[in-house]
Structures are given as C-alpha cells and as structure tokens.
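# Examining the three-dimensional arrangement
Chain by chain, the residues run as shown.
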Amino acid sequence: MLFLNYVKNHAIIFTKHVRYFSNSKSFHSKIVRVRFAPSPTGFLHLGGLRTALFNYLFARANKGKFILRIEDTDQTRIVPESVQQLINDLKWAGLEIDEGPNVPGAYGPYTQSQRTDIYQKYIKILLENKSAYHCFCTDRRLNLIRREALKAREIPKYDNRCRYLTDAQVTDKLNKGEKSCIRFKLRSDCETFEDLVYGNIAYDVALNEGDPVIMKGDGYPTYHFANVVDDHLMDITHVLRGVEWQISTTKHILMYRAFNWEPPKFGHLPLLLNSDGTKLSKRQGDIHISSFREAGIFPQALINFVTHSGGGFDRDSELRHYSMAELIELFNIKRVNSHSTRLMPEKLLEYNRLALMNEIKNENSLNNLITEVKNMAIKLYPKENEKGLLQLNENHIRTILVWAQNRIHKLSDLFAPNFSFLWILPTISNLTYDEKLYDIALSLQIMLKNEKENLKKDHLNIILRDFSVEKQIRFIDLMKFLRLVFSGLEKGPGVAEMMEILGKNELLLR
Ligand code: GLU
C-alpha cells in the first residue's frame, strides 16, 4: 500500500513536472527548486516551520533543491540576530538548506538587501515597457485619499493618478528633484491560476487595489517586486507559501507577464490555528521554535506535531513517530487540506514520548541522550556533584532510560523531585545500627546476587513481605529502613518500585 501510494504520488508530480517544463520559456533548469523566504522580522514560529518543512519535503521528494532566501527589503522591521537564529532553528529541525546565505550557490546572493543593483536593473525594464511608472504623490495626498475613503466607508486604495502623467511631465518632475516611488500598473485581465492546494483561483486585483508601490523612494524594492524578480532569477519552479499571500499571487502573475516570464506553480498552505480556532500569533513566546527546544522537545517530535493535522501525506491517522525520510516518501501536496489547520497541543508530548523511544532504540542517539542526562544532572545538583554524590555511571543512566521510555515524555521528567534518588547517592549518616535490620540487609544482598534479572515491583513486594514475617519486623519499619538505604530519603516513591527502577547492580552498590 505504502509503495503504491509512493508510486502514485511521484507519478502525479512527474506528469506535472513534464507539463510544466514543456510550457516553460524561460527556465533552463529542469530541477525542482523551491524556496523558504522569510523576512527577518522575528524568530521562527510554528507557521514558518510548517512552510519551510513542506518546501523541504517537496524538494526532497522530487530530488530538487531547497533554498533559503532572506527577504529583508523592509529595513525598518529587521530584528538583529534573527537570520542566524533562523538558520540555527532550521538546522535543529533537520531541514538542510541547499543554497542560502550560509550555503553558497550559483544563484546568490540569497539576501535581498545585497541584491539592490539587480532590482535597479529590472525596474528599468518595467519602466521602459510602460508596465510601471513614477509616482510623485506626497504622503499628505495619500493620507487624504485614505481618510476620504474611510469616511465614505470604502476600502482605501490609491487612485492611480500618476499613471496618467505624460513623459514630459515625469522628466520635468524628476529634473526638479521631486521625490518619487515606482508603482506597477495593475490590469484587470489577469487569467486565473491553478493553486496546487486550492485549485482554480480567480481574483481581480485591480478592482480591489490601487497600483502597488514596487520601488520605494529610498531605492529599496517592496516585497512584491523583489519576490517576483528573485523567484524568476533563482529558477524557482514551485512557490509554496502561507495562504495569506494568495491574494497577492495575481499581482505577482501580472508582473511575470509584464516581464514576459513564465510564472512558477503556486501552492498556498492554509492557516495554522490554535486548537480553539484562534490565530497563532508570532508574538506568543511559546510558539517560537527555540522555546520548544528549550522545553526539551525533540526536533522530530515537533515535526510530527506540525504535520499531525492538515493533511499533506499519504498515510492514515494512526499516531506514530515518522522519520524525516518517511515523511518525504509520504508527502503529497495534493493532499494538503484547503481549510485551516488546528493544532492539537495535547499531541505534542505524545509525539515527544515516541521520539524519545525512537532515540533510545538507536545506539548512537542513546549515547547522546546519556551525555545529555549527565549534563542535566550536573546542572541541577551542583552541590552533590561537588561532593561526588551523583550516580552518573553510563550503565546506570542507560538502565534508567530504558526503564523510563514508556513512562516519561521528556528527559526533564527524570529530574522530578521524587526521582532524585535516581541520581543522588544515599548518605548513610541517618541510619542507626540495628542487628535485625542488618541481618535483613545481608539476606537481601544474597538474594539479589542470585537473581539473574532485575526484579519486578510486584515480585519484590511479595519477597519483602515474606522477609518482614520471617525476621519478625513490622513491614512499615522494613520499608522505612530500605528507603533510607537505597535513597537516603525518608519519604518518596514506593520502595519496591524504587528497587525495580534502580535495578540489581545499583541496589547491590547502594
Ligand atoms: N517574505 C515573505 C514572508 O515573510 C515571503 C512570502 C513568500 O513566500 O512569497 O512570509
């Protein structure tokens, strides 16, 4: 079944691919090229991660390239450090970039603020073929138009006045040094386009908007223009981006036409919503990718979580851990739902538990986990560490991890207060010598030595009850004594349970 789906998936993409390139005039590459094009205005959040991930999966499924492009033409909104943080977050999530600011490629630079001379060259083409024009309207005039429209309860839009200036008037104003920006002439004859997710889309942008500014007075392009020029020059074949951009796509297609370029294919990804249907906000601290990392979420758990709802995969709804390779194989853009996707927060920890089990299965990642647990313990118990009281032997940590894998959701669960006995060796200063108890301890030691396997809780409970009858000691006193011996604690989890967790070797040691 899986194999059939795989074939189906790829056959669809393949025919699409052939059709696409046979129509194409300007693409010389036959390779699928997709890009993730964030603006560095903040840190990566779940919506951005999903967009990046779907681009990545699409690229890998089609043996194509995944490009990172930084869209930083709005210099006023840049958040310092966010590009590096974004690159780190993508890497942490397992999305390898083929070309980008940090990975040289043939289509660079990959940061828009380093491409201003390119935009200058291409804006001239649109000015020359009369698809764009200088606009001299002042902020004052534009504000006035806006206010008038609002008063009349209409959607404010530029009235395209400067479109009708003569060449002589334009030259005159430019010669006089009047400030201007450049606007693109919207037309009403934009054909519909086939959205890979939403199907046929028709939207008359000229009816709803005034001519958009494509180059600002400061010589920086706006998003729409730079985005189109770069997607073309970078040979982008498929644009997969958030649905909030769908309304701009006809505008972009008009620009491709004005250049006489073939537009790429477009697919828009539906909104990601909170489980209650409210919008995910970039400002919610807890949805930054780095906050998941800091909370002990495994990258692949987060990936499974964002792909849990919303479709996009040839798979059933069974909750299980999918590796990146499996997701690549099962990804099918045709199966992305076109209605908004609601995240299910309760699934995140469940996926984290599955990811943890997966890490424990593999010897290499298990070794990494052991190191991580060790570091966590040292950080959490600095005093005990100094006194040499931490039990951080690799075999011990390994036993604990294997025991815990079905029971915990995060590594930090191993450091809940009632688990401190796992890591801190008991000090016997509060034990008073008692012959009966000493005798029991010896018998227990002999018994444990003879056991081949670690004893289970229920079995231990029976043995300990027998001991208390045989040695004529109250069960409760025996438990108190053993708890002290094994954990140094007067209160804590059940003794038999604690003994099961610690395992034979550790019990003998203690
Ligand atoms: N810079 C845009 C953003 O931050 C990119 C939109 C697109 O992919 O075209 O979402």
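Residues numbered from 1 in each chain as written. Predicted model: local features only at pLDDT ≥ 70, side-chain atom pairs only at ≥ 80, totals over all residues. Heavy atoms only, no water.

## Description of the overall build of the chain
Scanning the chain for helices and strands turns up 20 helices and 13 strands. Its C-alpha radius of gyration of 32 Å places the chain more than 25% over the 24 Å reference for a compact globule of 510 residues. Dimensions of the chain along its principal axes, counting C-alpha atoms only, are 110 × 50 × 45 Å. Long-range contacts, defined as pairs at least 24 residues apart, comprise 76% of the intrachain contacts of the chain with a sequence gap of at least 6. Across the chain, the centroid of the 70 positively charged side chains sits 5 Å from that of the 60 negatively charged ones. (Helix = DSSP H or I, 4+ residues; strand = E, 2+ residues; numbered from the N terminus. Rg over C-alpha atoms; globule rule 2.2 N^0.38 Å. Contact = heavy atoms within 4.5 Å. Lys, Arg positive; Asp, Glu negative; His and termini not counted. Charge placed at Lys NZ, Arg CZ, Asp CG, Glu CD.)

## Some details on the sheet that holds strand 7 (residues 213-215)
With respect to topology, three strands assemble into an open sheet ordered 3-4-7, the strand pairing being antiparallel. On the outer flanks of this sheet lie strand 3 (132-135) and strand 7, each paired with one strand and no other. Between one strand axis and the next, the sheet turns through 45° on average, direction left out of account. Taken together, the four bridges between strand 3 and strand 4 (residues 181-184) define a ladder with antiparallel strand orientation. Residue pairing across strands places Tyr133 opposite Arg183, the latter belonging to strand 4. (Pairing = 2+ DSSP bridges. Axes fitted to C-alpha atoms, helices over the stretch in contact; angles between N-to-C directions.)

## With respect to the pattern of salt bridges
Applying the stated criterion to the full structure yields 24 salt bridges. The closest approach of N and O atoms between Arg141 and Asp159, which form a salt bridge, is 2.4 Å. With Arg141 in helix 5 (residues 139-151) and Asp159 in the loop between helix 5 and helix 6 (167-175), this residue pair connects regions lying 18 residues apart in the sequence. Linking Lys471 and Asp439 is a salt bridge whose minimum nitrogen-to-oxygen distance equals 3.5 Å. Taken together, the residues Lys471 in the loop between helix 18 (457-470) and helix 19 (475-487) and Asp439 in helix 17 (residues 435-450) connect sequence positions 32 residues apart. (Salt bridge = Lys/Arg side-chain N within 4 Å of Asp/Glu carboxyl O.)

## Here's the deal with the site of the ligand
Around the ligand sit Arg35, Ala37, Pro38, Ser39, Glu71, Tyr223, Asn227, Arg241 and Trp245, and that is every residue in its neighbourhood. Note that a nitrogen atom of the ligand is positioned 2.8 Å from one of the backbone N or O atoms of Ala37. One nitrogen or oxygen atom from the side chain of Glu71 is found 2.7 Å from a nitrogen atom belonging to the ligand. Protein coverage of the free-state accessible area of the ligand, which is 290 Å², stands at 84%. The residue inventory of the shell around the ligand, partitioned by class, reads four nonpolar, two polar and three charged. (Near = heavy atom within 4 Å. Polar contact = N/O pair within 3.5 Å; in protein donor to acceptor, adjacent residues only side chain to side chain. Areas by Shrake-Rupley, 256 points an atom, 1.4 Å probe, with all protein chains shown as cover. Nonpolar A, V, L, I, M, F, W, Y, C, P; charged D, E, K, R; others polar.)

## Topic: the side chain of Thr237
Looking at where Thr237 falls in the secondary structure, it is placed in the loop between helix 8 (223-233) and strand 8 (238-242). Since its relative accessible area comes to 0%, Thr237 is described here as buried. In terms of polar contacts, Thr237 uses its side chain to reach the side chain of His238, at 2.7 Å. (Buried < 20%, exposed > 50% of the residue type's maximum accessible area, 1.4 Å probe, protein only.)

## What about the packing of helix 19 against helix 20 (residues 495-509)?
At a minimum axis distance of 11 Å, the contact between helix 19 and helix 20 shows a crossing angle of 45°. Judged by the inter-axis angle, helix 19 sits oblique to helix 20. For the pair helix 19 and helix 20, the crossing hand works out as left-handed. Judged by residue contacts, Met479, Leu482, Arg483, Phe486 and Ser487 of helix 19 engage Val495, Met498, Met499, Leu502 and Leu507 from helix 20. (Parallel < 35°, antiparallel > 145°, perpendicular 65-115°, else oblique. Left-handed = near helix turned anticlockwise from the far one by under 90°.)

## What about the confidence of the model for the chain?
Looking at the chain as a whole, its pLDDT mean stands at 88, while 92% of the residues score no less than 70. This model gives residues 1-28 a pLDDT under 50, and the stretch forms 41 contacts once residues within four places in sequence are excluded. (pLDDT = per-residue confidence, 0-100.)

## Comments concerning helix 14 (residues 363-380)
The α-helix advances 3.6 residues per turn, and as a result positions three or four apart in sequence lie on the same side. Between its terminal C-alpha atoms helix 14 stretches 26 Å, which fits the 26 Å expected from 18 residues at 1.5 Å a residue. For helix 14, every residue scored as buried is listed here: Ser365, Leu366, Leu369, Ile370, Val373 and Ala377. All buried residues of helix 14 lie within an arc of 150° about the axis, which places them on one face of the element. Helix 14 presents Asn364, Asn368 and Lys379 as exposed residues on the side facing more than 90 degrees away from its buried surface. Residues of helix 14 that are buried in the fold lie against helix 13 (346-361) and helix 16 (394-404). You can read the cap of helix 14 off the contacts: a side-chain oxygen lies 2.8 Å from the backbone nitrogen of Asn364, and it is on Asn362. (Expected span 1.5 Å × (residues − 1). Arc of directions from axis to C-beta.)

## Focus on the nonpolar core
A general feature of soluble globular proteins is that nonpolar side chains tend to end up buried together. With 102 residues, the main nonpolar core has Leu46, Leu57, Leu95, Leu302, Leu401, Leu414 and Trp423 as its most contacted residues. Residue contributions to this core peak at 10 residues, all from helix 2 (residues 46-61). Contacts of Leu46, omitting those with residues within four sequence positions, involve Leu272, Leu280, Ile287, Ile289, Phe292, Leu302, Phe305, Val306 and Leu343. Of all hydrophobic cores here, the second largest spans 32 residues; its members include Tyr122, Leu186, Ala258 and Phe266. (Core = buried A, V, L, I, M, F, W, Y, C linked by side-chain atoms within 4.5 Å.)

## Observations concerning unusual backbone geometry
Put simply, Gly108 and Pro109 share a cis peptide bond, and its omega is -5°. Mapping Pro109 onto the fold places it in the loop between helix 3 (82-92) and helix 4 (116-128). One non-glycine residue, Glu81, lies in the positive phi region at around 75°. Within the fold, Glu81 resides in the loop between strand 2 (65-68) and helix 3. A relative accessible area of 65% means that Glu81 is categorised as exposed.

## Structural notes on the environment of Ile78
Among the secondary structure elements, Ile78 is positioned in the loop between strand 2 and helix 3. Along the sequence, Ile78 and Ile333 sit 255 residues apart, while their C-alpha atoms lie 32 Å from each other. Apart from residues no more than four positions distant in its own chain, Ile78 is found in contact with Pro40 and Asp72.

## Side note on the state of the cysteines
Applying the stated criterion to the full structure yields zero disulfides. Here Cys162 is not disulfide-linked; the sulfur of Cys137 is the nearest cysteine sulfur, at 3.6 Å. A residue is classified by how much of its surface remains accessible, and Cys162, at 6% relative accessible area, is buried. Of all cysteine sulfurs in the structure, the one in Cys135 sits closest to Cys181, which takes part in no disulfide; the separation is 4.4 Å. Its relative accessible area of 16% is what places Cys181 among the buried residues. (Disulfide = S-S within 2.5 Å.)

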